[in-house]
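Geometric and topological summary
Chain residues, written in single-letter form:
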Amino acid sequence: MRIVLLGPPGAGKGSLARVIKDMMGIAHISTGDMLREEMKKGSPLGLEIKGLIAQGFLVSDEIVTRLVEQRLQNSRDSKGFMLDGFPRTVAQAKDLDNILAEIGKPLDFALNMEADVDVILMRLTGRRVCRKCGALYHVRNKPPKAAGVCDLCGGELHQRCDDNEETIRKRMDVYMANTRPILAYYEQTGRLKKVDGNKGTPDLSDDLVKISNEDKKPYQDQNSGRS
Ligand code: ADP
Ligand code: ZN
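These numbers were taken from a predicted model, which means no experiment stands behind them. (Residues numbered from 1 in each chain as written. Chains lettered and ligands numbered in written order. Predicted model: local features only at pLDDT ≥ 70, side-chain atom pairs only at ≥ 80, totals over all residues. Heavy atoms only, no water.)

Next up on the list: the overall build of the chain. On a plain count of helices and strands, the chain comes out with nine helices and eight strands. The globule rule puts the C-alpha radius of gyration for 227 residues at 17 Å, and the 18 Å found for the chain is close to it. Dimensions of the chain along its principal axes, counting C-alpha atoms only, are 60 × 40 × 30 Å. For the chain, with 227 residues in total, the buried portion stands at 46%. In the chain, the share of contacts with a sequence separation of at least 24, taken over all contacts with a separation of at least 6, comes to 71%. Carbon together with sulfur atoms contributes 50% to the accessible area of the chain, which is approximately 12,000 Å² in total. (Helix = DSSP H or I, 4+ residues; strand = E, 2+ residues; numbered from the N terminus. Rg over C-alpha atoms; globule rule 2.2 N^0.38 Å. Buried < 20%, exposed > 50% of the residue type's maximum accessible area, 1.4 Å probe, protein only. Contact = heavy atoms within 4.5 Å. Areas by Shrake-Rupley, 256 points an atom, 1.4 Å probe, with all protein chains shown as cover.)

Here is the structure:
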């Protein structure tokens, strides 16, 4: 399965990708995580990225697309991949199609997850992340056993620099202006599928498995017709 996960911040893309990765062994490629790794290095590029992320702005297409291209070209993702947070502009979506055509791994589909503003704000303002392993928690919906400590690795939990209400609202504006237009791009080429991002991760992962099975059917029917 090779898909992109679309939807506003807080729609549950990262949580869904983590579950599907564990369940099906499909790679989870998150540009947000890749950029935060770069940020941690404290390099000039990392500092530039941090300034943009902390204010809710997008990092340039050029920087992000280069990171994704390198990751996809060097990958051994035999079971496929889920791209989370990329593409975020129509230019990135077109570049992605070109990169995947070159390596002979076209997308199966784009999955759009949309959620209501109040759900998004509740999820993101309460989100906590493990500094060490990246596991996700929520102060109310998914608290760790011991406050501030990761259940899985004992790492320290922290709040992302962009998970405050002001920056979340900015990220949603940026989503509406730059990212939402991508939906039409995938719709026009018949590759857009939808799920309800207000649902919890277990229901969403059931939905995704169902959609990916249905997506395979036309090929299976063709094959059985021929034999
Ligand atoms: P979320 O989906 O919760 O907004 P991400 O972790 O995907 O969070 O992204 C965090 C930030 O990283 C974005 O607000 C943006 O500044 C930057 N970023 C991530 N992916 C991209 C991308 N494809 N293009 C430009 N900027 C990106
Ligand atoms: Zn951890």
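This brings us to the environment of A147. When you line up the elements, A147 lands in the loop between β6 (136–138) and β7 (157–158). Its relative accessible area of 76% is what places A147 among the exposed residues.

In strand β2 (residues 27–30), alternate side chains face the same way, and those of A27 and I29 on one face and H28 and S30 on the other are all buried. Bridge count between β2 and strand β3 (residues 81–84): four bridges; the pairing is parallel. Along β3, the bridge assignment pairs H28 with M82. (Pairing = 2+ DSSP bridges.)

With that out of the way, let us pick up the side chain of D84. With respect to the helices and strands, D84 occurs in strand β3. Here D84 is buried and forms no salt bridge, its nearest opposite-charge partner K13 lying at an N-O distance of 5.0 Å. Side chain to side chain, D84 and H28 meet in a polar contact 2.8 Å long. (Lys, Arg positive; Asp, Glu negative; His and termini not counted. Salt bridge = Lys/Arg side-chain N within 4 Å of Asp/Glu carboxyl O. Polar contact = N/O pair within 3.5 Å; in protein donor to acceptor, adjacent residues only side chain to side chain.)

With that settled, consider the packing of aromatic side chains. According to the stated counting rule, one finds one aromatic pair in the structure shown. On the basis of an interplanar angle of 70 degrees and a centroid distance of 5.3 Å, the ring pair of Y185 and Y186 is categorised as edge-to-face. A cation over an aromatic ring shows up here: K142 above the ring of Y137, its NZ or CZ 5.3 Å from the ring centre. (Phe/Tyr/Trp six-rings, centres within 6.5 Å; stacked < 30°, edge-to-face > 60°. Lys NZ or Arg CZ within 6 Å of the ring centre and 35° of its normal.)

What follows deals with the site of ligand 1. Taken together, 19 residues lie around ligand 1, and T31, R36, F57, G85 and R171 are the ones closest in. Between ligand 1 and the protein, one listed contact pairs a nitrogen atom with a backbone N or O atom of V59 at 3.0 Å. Bound to the protein, ligand 1 loses 96% of the 550 Å² it would expose on its own. Of the residues forming the shell around ligand 1, the biggest block, four residues, is contributed by helix α2 (residues 31–40). (Near = heavy atom within 4 Å.)

Once that is clear, we can look at the nonpolar core. Counting residues in hydrophobic clusters, the biggest one holds 28 residues, and the most contacted among them are V4, L6, L72, F81, L83, L96 and Y186. Those elements that place two or more of their residues in this core are β1 (2–6), β2, α2, α3 (44–55), α4 (61–73), β3, α5 (90–102) and α8 (182–188). Setting aside anything within four residues of it in sequence, one finds L83 in contact with I3, V4, L5, I29, V68 and L96. In terms of nonpolar packing, the next biggest core, distinct from the first, is built from 16 residues, L5, F109, M113 and L208 among them. (Core = buried A, V, L, I, M, F, W, Y, C linked by side-chain atoms within 4.5 Å.)

With that out of the way, let us pick up the side chain of H138. Relative to the assigned elements, H138 resides in strand β6. A distance of 3.1 Å separates a polar side-chain atom of H138 from the backbone nitrogen of N141. Beyond its immediate stretch of four places on either side in the chain, H138 contacts M122, R123, G126, R127 and P143.

Taken together, C130 (SG), C133 (SG), C150 (SG) and C153 (SG) make up the protein donors of the zinc ion (ligand 2), found 2.3 to 2.4 Å from the metal. Considering all four donor atoms around the zinc ion (ligand 2), angles at the metal cover 97 to 116 degrees and the coordination shape is tetrahedral. Here the donor residues of the zinc ion (ligand 2) are spaced in sequence according to C-x2-C-x16-C-x2-C. Residue classification places C153 among the partly exposed positions, given a relative accessible area of 29%. (Donors = N, O, S within 2.8 Å, 3.2 Å for Na, K, Ca; no water. Tetrahedral: all angles 85-135°; square planar, octahedral: opposite > 155°, others 65-115°.)

Moving on: the pattern of salt bridges. When charged atoms on two side chains of opposite charge get close, those side chains can pair. Tallied over the entire structure, the rule returns 15 salt bridges. In this structure, R131 engages E156 in a salt bridge whose closest nitrogen and oxygen atoms are separated by 3.1 Å. Separated by 25 residues along the polypeptide, R131 in the loop between β5 (127–130) and β6 and E156 in the loop between β6 and β7 bring together distant segments of the chain. Taking relative accessible area as the criterion, R131 reaches 46% and is therefore assigned partly exposed. Here E156 falls in the partly exposed class, since its relative accessible area comes to 48%. Each of the salt bridges in this network shares a partner with another, and the network as a whole consists of R127, R160, D162, D163 and R171.

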